[in-house]
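# Coordinate analysis (summary)
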Amino acid sequence: MNELTEFEKYVIEQKGTERPFSGEYVNHEAEGLYLCKKCLAPLYKSEHKFNAFCGWPAFDDEIHGAIKRTVDADGHRTEITCHECGGHLGHVFKGEMLTGKNMRHCVNSVSMVFKSYEDIEAEKSHATKALQLATFGAGCFWCIEAVFQRLDGVESVYSGYSGGTTEDAHYDAVCSGVTGHAEVIQVAFNPEIISYNTLLSVFFAIHDPTTLNQQGNDKGPQYRSVIFTHNAEQVDQATIAISKLIQQGIWPKPIVTEVSMYETFYHAENFHDDYFAKNAEQPYCQLLIKPKFEQAMRQFEALLKKD
């Protein structure tokens, strides 16, 4: 929640009203979104705004689900509040025929902040650039996707294919073992929340890196243990992580995890996305994925997203 000034508290928390024609958004015409001053939830689009010559910003529509309506105690007016935080916005009036929608949200400027569409796009671009990619193969991608999706700082996880010689990839071809592609997941993560080294720790903990081209009953080069690195730093971190595991003697057999530079990623067919979440009752999921998933949830509890 944003910290509010005394006047903002008066309007937003004590249901006060600013003086007419005193707010900064009365004659505001820029294109963008109007957000709740208290919690920054989006409330109105600029295309909803019109000049009602009433002294306060007026809108004839709202962003779906953003506004809560409550009839005043006197029964004459309807108060509007932010659905997210309950902050007071103003009142809504119907039947004035000022626009085709026949609705006027009369809102205190002080209850809102404005963000232009250009600024919103710039923020999205910055957020995207801040994310990094990691690509791992550790057997069936259904198994590892379910675990990595739950890690705090992981923005997305997609199952797919990488590391082969063919210029295209699909499930049947990859499962035949002739394409050279491995079943992998591609993870977009925020390094300010979760580090690549932490992702490596999870990766090595949830599969056997000592079985060549095999994980359990799944056999073939498509099930190999592999790290596709996206830059020199990831190469170093992956190599060091493997060296440390060898020194620690955690695995009785040699580690055979392949470390290769990333070249391309083929997104798997849509039915593979969120496979465990959608098919948890299937025998394969119950017998093979569920035990690994539950063990990882216990082992990495401190790293999980807070629901």
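My aim in this report is to walk through the structure given alongside it, one point at a time. Remember, it's a predicted structure, so these values are computed and weren't measured experimentally.

### Some thoughts on the environment of Ala-66
By the element assignment, Ala-66 lies in the loop between strand 4 (58-59) and strand 5 (67-71). The class of Ala-66 is buried, set by a relative accessible area of 9%. Here the alpha-carbon distance between Ala-66 and Gly-139, two residues 73 residues apart in the chain, equals 44 Å. With residues near it in sequence (within four places) discarded, Ala-66 still touches Pro-42, Leu-43, Thr-81, Cys-82 and His-83.

### Remarks on the packing of helix 3 (residues 141-148) against helix 8 (residues 283-299)
Axis separation between helix 3 and helix 8 bottoms out at 10 Å; the angle between their running directions is 35°. When the axes of helix 3 and helix 8 are compared, the crossing they make is right-handed. Contacts between helix 3 and helix 8 involve Trp-142, Cys-143, Ala-146 and Val-147 on the former and, on the latter, Tyr-284, Ile-289, Phe-293, Ala-296 and Met-297. Grouping the constituent residues of the contact of helix 3 with helix 8 by class yields nine nonpolar, no polar and no charged.

### Focus on the packing of aromatic side chains
Under the counting rule described, the total for this entry stands at twelve aromatic pairs. Between Phe-141 and Tyr-161, the aromatic rings sit 5.8 Å apart at their centres with planes inclined by 50°, giving tilted as the arrangement. Pair noted here: Phe-141 is in helix 3 and Tyr-161 is in strand 11 (residues 154-162), with a separation of 20 residues, a long-range link. According to the relative accessible area criterion, Phe-141 is buried, its value standing at 0%. Clustering of aromatic rings is evident, with ring pairs tying together Phe-136, Phe-148, Phe-189, Tyr-196, Phe-203 and Phe-204.

### A closer look at the pattern of salt bridges
Opposite charge on two side chains permits pairing when their charged atoms draw close. Within this structure, the stated rule accounts for eleven salt bridges. Put simply, Arg-69 and Glu-62 hold a salt bridge, and the shortest N to O gap is 2.7 Å. Here Arg-69 falls in the partly exposed class, since its relative accessible area comes to 38%.

### Observations concerning helix 5 (residues 196-205)
When we look at burial in helix 5, the residues that qualify are Tyr-196, Leu-199, Leu-200, Val-202, Phe-203 and Phe-204. Its buried side turned inward, helix 5 meets strand 10 (132-138), helix 3, strand 11, strand 12 (182-189), strand 15 (225-229) and helix 6 (232-248).

### Focus on the sheet that holds strand 12
An order of 16-15-10-12-11-17 is seen for the six strands of this open sheet, with the pairing classed as mixed. Edge positions in the sheet fall to strand 16 (258-261) and strand 17 (266-267), since each has one partner strand and no second. Bridge count for strand 10 against strand 12 is five bridges, and the pairing is antiparallel. Among the inter-strand pairings, Thr-135 is bridged to a residue of strand 12, identified as Gln-186.

### Details of the nonpolar core
Of all hydrophobic cores here, the largest spans 45 residues; its most connected members are Phe-136, Phe-148 and Leu-199. Looking at this core, the elements that each hand over two or more residues are strand 10, helix 3, strand 11, strand 12, helix 5, helix 6, helix 7 (275-278) and helix 8. In terms of residue count, helix 3 provides more of this core than any other element does, seven residues in total. The residues touching Leu-199, leaving out its near neighbours within four places in the chain, are Ala-134, Phe-136, Phe-148, Leu-151, Val-154, Phe-189 and Ile-194. Ranked by size, the runner-up nonpolar core spans 22 residues in total, among them Ala-41, Ile-63, Ala-66 and Val-113.

### Concerning the sheet that holds strand 4
What the six strands build is an open sheet, ordered 3-4-8-7-6-5; its pairing is antiparallel. Looking at which strands have only one partner, the edges of the open sheet turn out to be strand 3 (49-50) and strand 5. In terms of strand pairing, strand 3 meets strand 4 through two bridges, oriented antiparallel. Within strand 4, the residue paired with Lys-49 across the bridge is Phe-59.

About the cut-offs
- Residues numbered from 1 in each chain as written.
- Predicted model: local features only at pLDDT ≥ 70, side-chain atom pairs only at ≥ 80, totals over all residues.
- Heavy atoms only, no water.
- Helix = DSSP H or I, 4+ residues; strand = E, 2+ residues; numbered from the N terminus.
- Buried < 20%, exposed > 50% of the residue type's maximum accessible area, 1.4 Å probe, protein only.
- Contact = heavy atoms within 4.5 Å.
- Axes fitted to C-alpha atoms, helices over the stretch in contact; angles between N-to-C directions.
- Left-handed = near helix turned anticlockwise from the far one by under 90°.
- Nonpolar A, V, L, I, M, F, W, Y, C, P; charged D, E, K, R; others polar.
- Phe/Tyr/Trp six-rings, centres within 6.5 Å; stacked < 30°, edge-to-face > 60°.
- Salt bridge = Lys/Arg side-chain N within 4 Å of Asp/Glu carboxyl O.
- Pairing = 2+ DSSP bridges.
- Core = buried A, V, L, I, M, F, W, Y, C linked by side-chain atoms within 4.5 Å.

Treat this as a map of the structure, not an account of what it does.
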